[in-house]
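The primary structure of each chain is shown beneath.
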Amino acid sequence: MITVQRVAKAVGKHLTRTALKLRKALGARANRGCPACGATVVGFFRYGDNGEWGCPECGASPRERLMNWLMAQGTLTVPTDGAILHMAPNEASLVRRFAAAADYMPADLDPSRYTVPNMHRVDLMELADTDRYDLFYASHVMEHVPDDMAVLRNILRALKPGGEAWLIVPLWEKPTEDGSFAMPPRERERRFGQWDHVRQYGPDFADRIRAAGFDLEEIDAASIDVATRHFYALDDRLFRARKPGGAASR
Ligand SMILES: [Zn+2]
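For clarity, every value in this text was computed on a predicted model and none was experimentally measured.

1. Let's talk about the overall build of the protein
Move 1: Summing up its helical and strand segments, the protein has seven helices and 13 strands in all.
Move 2: The C-alpha atoms of the protein give a radius of gyration of 18 Å, which matches the 18 Å a tight globule of 250 residues would have.
Move 3: Dimensions of the protein along its principal axes, counting C-alpha atoms only, are 55 × 45 × 35 Å.
Move 4: Of the contacts made within the protein by residues no fewer than 6 positions apart, 61% connect residues no fewer than 24 positions apart.
Move 5: Summed over all atoms, the accessible surface of the protein reaches about 12,000 Å², with 52% contributed by carbon and sulfur.
Move 6: For the protein, the centre of its 34 positive side-chain charges and the centre of its 33 negative side-chain charges are spaced 5 Å apart.

Written out as structure tokens, the structure is:
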């Protein structure tokens with residue numbers, strides 16, 4: 001669905017991306033970096049309220065850069081010997097990293113929206129695997145599912161003991177507000193920021209993850225030292241959920 005809000009964001013994105021290319025062409029010093037593609041850049045392009053959102057070289061978002069930085073640091077390790085379920089795989093750098101796994105499954109409710117090879121159709125409401133995956137990754141997916149507690153329990157069951165779910169959602173500072181697909185799309189857009197979102201999460205997303213049975217670590221970009229955070233324009237918060245049991249660490 002095309003809405004005024006979407007068009008305005010897209011136009012703003014295009015304008016600042018063009019401005020960055022111009023600055024680079026005019027010889028501006030490239031003194032920033034992108035951990036997703038490794039490029040040095042003159043800055044990042046605007047998207048919505050975030051003036052430093054996208055990498056002008058690869059398009060990586062702040063959350064995509066955060067994930068790459070955490071993996072480069074060794075804070076997060078891709079289980080390359082194991083199985084990975086990667087939902088909504090539209091972050092190219094993460095597809096590259098996760099596809100190194102022995103059993104890589106890129107998936108979405110609507111696989112036709114992606115150009116990633118070997119896409120699978122997975123409806124998280126119906127996910128019925130048990131003890132199958134070492135890693136589950138979903139960025140900006142949980143705000144689309146009708147019943148997020150049911151989906152969190154499905155993910156928990158689908159993971160091997162000790163397996164991890166890396167979850168990122170749009171956050172505001174207020175408590176989570178839930179909606180439903182019974183609401184008109186324009187009301188969902190007004191309340192939750194996008195017509196196909198059925199809720200807006202707050203920090204209490206953590207409580208839902210724990211209530212589903214996970215152990216949880218929260219990794220917020222705000223906790224990274226200021227110089228590093230600025231250099232890569234890192235933002236967002238990763239909810240690193242672990243299924244109890246299994247080896248203590250890998
Ligand atoms: Zn990049």
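After that view of the structure, there is still more to cover.
2. Topic: the domain arrangement of the protein
Move 1: In terms of domains, the protein is made up of domain 1 (1-60) and domain 2 (63-242).
Move 2: On a C-alpha basis, the centres of domain 1 and domain 2 stand 23 Å from each other.
Move 3: Facing the 17 residues of domain 1 at the interface are 19 residues of domain 2.
Move 4: Of the roughly 1,500 Å² buried between domain 1 and domain 2, counting both surfaces, carbon and sulfur atoms make up 53%.
Move 5: On the surface where domain 1 and domain 2 come into contact, there are zero salt bridges.
Move 6: Inspection of the region where domain 1 meets domain 2 yields seven residue pairs in polar contact (both at pLDDT 80 or more).
Move 7: Broken down by secondary-structure element, the contributors of at least two residues to the side of domain 1 that touches domain 2 are helix H1 (4-25), strand E1 (32-33) and strand E4 (50-54).
Move 8: Taken together, the residues of the side of domain 1 that touches domain 2 break down into eight nonpolar, six polar and three charged.

3. Topic: the packing of aromatic side chains
Move 1: All chains considered together, the criterion is met by seven aromatic pairs.
Move 2: Taken together, the ring pairs connect Phe-45, Tyr-47 and Trp-53 into an aromatic cluster.
Move 3: Cation over ring: Arg-65 sits above Phe-44, and NZ or CZ is 4.1 Å from the ring centre.
Move 4: Between Lys-174 and the ring centre of Trp-172, over which it is positioned, the NZ or CZ distance is 4.1 Å.

4. With respect to the sheet that holds strand E12 (residues 215-220)
Move 1: Strand order in this open sheet of seven strands is E7-E6-E5-E8-E9-E13-E12, and the pairing throughout is mixed. The open sheet has two edge strands with one neighbour each: strand E7 (120-121) and E12.
Move 2: Two elements, strand E8 (residues 133-139) and strand E9 (residues 159-168), share six bridges in a ladder whose sense is parallel. Its bridge partner lying in E9, Tyr-137 is registered against Trp-166.
Move 3: Sheet strands touched by helix H4 (residues 148-158): E8 and E9. Its angle to E9, the strand with the most contacts, is close to 140 degrees.

5. Details of the pattern of salt bridges
Move 1: In the structure shown here, the tally under the stated rule is 18 salt bridges.
Move 2: Between Asp-148 and Arg-208 there is a salt bridge, with its nearest N and O atoms 2.9 Å apart. Taken together, the positions of Asp-148 in helix H4 and Arg-208 in helix H6 (residues 205-211) put the pair 60 residues apart, joining distant regions of the chain.
Move 3: Residue class for Asp-148 comes out buried when judged on its relative accessible area of 4%.
Move 4: Under the relative-accessibility criterion, Arg-208 is labelled buried at 17%.
Move 5: Asp-178 serves as the salt-bridge partner of Arg-208, at 2.7 Å between the closest nitrogen and oxygen. With Arg-208 in helix H6 and Asp-178 in strand E10 (residues 177-178), this residue pair connects regions lying 30 residues apart in the sequence.
Move 6: In this structure, a network of salt bridges that share partners links the residues Asp-148, Asp-178, Arg-199 and Arg-208.

Cut-off values and rules
- Residues numbered from 1 in each chain as written.
- Predicted model: local features only at pLDDT ≥ 70, side-chain atom pairs only at ≥ 80, totals over all residues.
- Heavy atoms only, no water.
- Helix = DSSP H or I, 4+ residues; strand = E, 2+ residues; numbered from the N terminus.
- Rg over C-alpha atoms; globule rule 2.2 N^0.38 Å.
- Contact = heavy atoms within 4.5 Å.
- Areas by Shrake-Rupley, 256 points an atom, 1.4 Å probe, with all protein chains shown as cover.
- Lys, Arg positive; Asp, Glu negative; His and termini not counted.
- Charge placed at Lys NZ, Arg CZ, Asp CG, Glu CD.
- Domains from an automatic or database assignment.
- Buried area = accessible area lost by both parts, 1.4 Å probe.
- Salt bridge = Lys/Arg side-chain N within 4 Å of Asp/Glu carboxyl O.
- Polar contact = N/O pair within 3.5 Å; in protein donor to acceptor, adjacent residues only side chain to side chain.
- Nonpolar A, V, L, I, M, F, W, Y, C, P; charged D, E, K, R; others polar.
- Phe/Tyr/Trp six-rings, centres within 6.5 Å; stacked < 30°, edge-to-face > 60°.
- Lys NZ or Arg CZ within 6 Å of the ring centre and 35° of its normal.
- Pairing = 2+ DSSP bridges.
- Axes fitted to C-alpha atoms, helices over the stretch in contact; angles between N-to-C directions.
- Buried < 20%, exposed > 50% of the residue type's maximum accessible area, 1.4 Å probe, protein only.

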